[in-house]
Amino acid sequence: MHIFQFLNQRGRVQLLWPWATAVIGCLVFTEAPAQTNQTPTYLRDIQPIFMGNCSRCHNQQSRFVYDWLDYKTAYTDRWEIRRRIWDSWKGTYYKEAMPVANSPESLALSEEERATIVKWVDNGGLRGVPPPPGVAKSKTERIDMGKRLFTSVCAACHQPTGRGLPNVFPPLAGSDFLNADKNRAIQTVIFGRQGEVVVNGLKFNNSMPSFPLADEDIANVLTFVYNSFGNSGLEVTPAEVKALRSQPPVSAGSSAPSGPPAAKSTFE
Ligand code: HEC
Ligand code: HEC
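What counts as what
- Residues numbered from 1 in each chain as written.
- Chains lettered and ligands numbered in written order.
- Predicted model: local features only at pLDDT ≥ 70, side-chain atom pairs only at ≥ 80, totals over all residues.
- Buried ≥ 20, exposed ≤ 12 C-beta atoms within 10 Å, placed from the backbone.
- Helix = DSSP H or I, 4+ residues; strand = E, 2+ residues; numbered from the N terminus.
- Near = placed C-beta within 6 Å.
- Nonpolar A, V, L, I, M, F, W, Y, C, P; charged D, E, K, R; others polar.
- Domains from an automatic or database assignment.
- pLDDT = per-residue confidence, 0-100.
- Contact = placed C-beta atoms within 7 Å.
- Pairing = 2+ DSSP bridges.
- Core = buried A, V, L, I, M, F, W, Y, C linked by C-beta atoms within 7 Å.
- Axes fitted to C-alpha atoms, helices over the stretch in contact; angles between N-to-C directions.
- Parallel < 35°, antiparallel > 145°, perpendicular 65-115°, else oblique.
- Left-handed = near helix turned anticlockwise from the far one by under 90°.

This paragraph deals with helix 10 (residues 182–191). Those residues of helix 10 that sit buried are Arg-184, Ala-185, Ile-186, Gln-187, Thr-188 and Val-189. Following helix 10 by one or two positions, Gly-192 has its phi on the positive side, about 80°.

Structure below.
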């Protein structure tokens, strides 16, 4: 992967910069089809990596670190991102490598993902266009599309096996919490979840951020989860996700905010 370092002609990128803003649109539209595998864009390639590997700390709610799920923020600080996930990691930059060591999902950041981020920066930090929504025509298609999203985002924490990590990330495999209440599961992915949660008799007290995912994506990924890992086989539709966006979040337990009654919960 060292090739990316040689390709990093920083002088050239910076020379381009004064008029880059004007041509970003053109780059996306004229070059993207031919270079699908070569020029990473934020919305298609980078944001999913940030969701899985960085967002537990770098999210909209965090007050002391930047929100990498926001394009402008990531774009503005892209050179420091590059240094932290590549140069520091290679030992050539004095600051701490990112992600920091006490986050298991950091171990899931692969060399290939790091190289993709580097390449994104070196190519001008393009925003790109949102990937087309994964509109599934059947449950089988939904599961297929959901699997891809699970692998690129959820697996960093819940593990490719869906079994999670003790004390840190709860299991989705055979999860009584998941199977007991579909609406609550949907809202967990829409809004994220903080505080204590009991899954299969084990306590977790951590934080899952909310992700910028479309209704279709959430429907697909949860349908995949429900139809994998020994779960109940339910299907989640985009309409269900859409309806739940405007409902107050269902509480996991005693720390329920006052407000309209939460949907039925089997956990007190
Ligand atoms: C477990 C929490 C955690 C995770 C996960 C994490 N970071 Fe950080 N990050 C921090 C903290 C805390 C700081 C501030 C302290 C510092 O600068 O080292 C920080 C600082 C940074 C900075 C320096 C920003 C600046 O300009 O000062 C960059 C860049 C960065 N993180 C990138 C990333 C990227 C990219 C990922 C995911 C691949 C990531 N981080 C994952 C906690 C985290
Ligand atoms: C950055 C790590 C992280 C990522 C990525 C992540 N989760 Fe979570 N997830 C958590 C944590 C931590 C909790 C428990 C939160 C708590 O303690 O309140 C959780 C809880 C859950 C729960 C409820 C508890 C259970 O085990 O049944 C579901 C369902 C869930 N996540 C689904 C997903 C799905 C689907 C995705 C991918 C779109 C995803 N998560 C991505 C960290 C993550």
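Don't stop here, the text continues.
Another point: the site of ligand 2. The environment of ligand 2 is made up of 33 residues, and the closest members are Cys-154, Cys-157, Pro-170, Asn-206 and Met-208. Listing elements by their share of the shell around ligand 2, those giving two or more residues are helix 8 (139–158), helix 9 (176–180), helix 10, strand 1 (193–199), strand 2 (202–208) and helix 11 (215–226). A per-class count over the shell around ligand 2 returns 20 nonpolar, 10 polar and 3 charged. Formed jointly, the shell around ligand 2 draws a minimum of three residues from each of two domains, domain 1 (10–122) and domain 2 (139–245).

In the predicted model, the protein chain carries a mean pLDDT of 82, and the fraction of residues at 70 or more is 79%. Long-range and interchain partners of residues 1–35, a stretch whose pLDDT sits below 50, account for 20 contacts in this model, where long-range means more than four residues apart. Here residues 253–268 is a poorly scored stretch, pLDDT under 50, and it has 26 contacts once near neighbours within four places are set aside; other chains count.

Of note in this structure, Gln-159 is not a glycine but carries a positive phi near 75°. With respect to the helices and strands, the residue Gln-159 is situated in the loop between helix 8 and helix 9. Of note, the phi angle at Asn-200 is positive, near 50°, even though the residue is not glycine. Among the secondary structure elements, Asn-200 is positioned in the loop between strand 1 and strand 2.

Further remarks concern the site of ligand 1. The environment of ligand 1 is formed by 20 residues, the closest being Cys-54, Cys-57, Met-98, Pro-99 and Ser-103. It is helix 5 (residues 78–87) that provides the largest number of residues to the shell around ligand 1, a total of 4 residues. Classifying every residue of the shell around ligand 1 by side-chain character gives 11 nonpolar, 4 polar and 5 charged.

This next bit is on the pairing of strand 1. Both strand 1 and strand 2 contribute to a ladder of 7 bridges, which runs antiparallel. In the sheet register, Val-199 faces strand 2, and the bridge partner there is Leu-202. Here strand 1 folds back onto strand 2 in antiparallel fashion, the turn holding 2 residues, of which Asn-200 has a positive phi close to 50°.

So, on to the nonpolar core. Counting 46 residues, the largest nonpolar core has Ile-117, Ile-186, Ile-218, Val-221 and Leu-222 as its most contacted members. Elements supplying a minimum of two residues to this core: helix 3 (42–53), helix 5, helix 7 (111–122), helix 8, helix 9, helix 10, helix 11 and helix 12 (238–245). Among the elements that take part in this core, helix 8 stands out by supplying 8 residues, more than any other. Domain assignment of the residues forming this core places at least three in each of domain 1 (10–122) and domain 2 (139–245). Setting aside anything within four residues of it in sequence, one finds Val-221 in contact with Gly-146, Leu-149, Phe-150 and Cys-154.

Across the interface, helix 5 lies against helix 7 with an axial gap of 9 Å and an inter-helix angle of 155°. With respect to each other, helix 5 and helix 7 are oriented roughly antiparallel. The crossing of helix 5 and helix 7 is left-handed. Seen from helix 5, the contacting residues are Arg-78, Trp-79, Ile-81, Arg-82, Ile-85 and Trp-86; seen from helix 7, they are Arg-114, Ile-117, Val-118 and Val-121.

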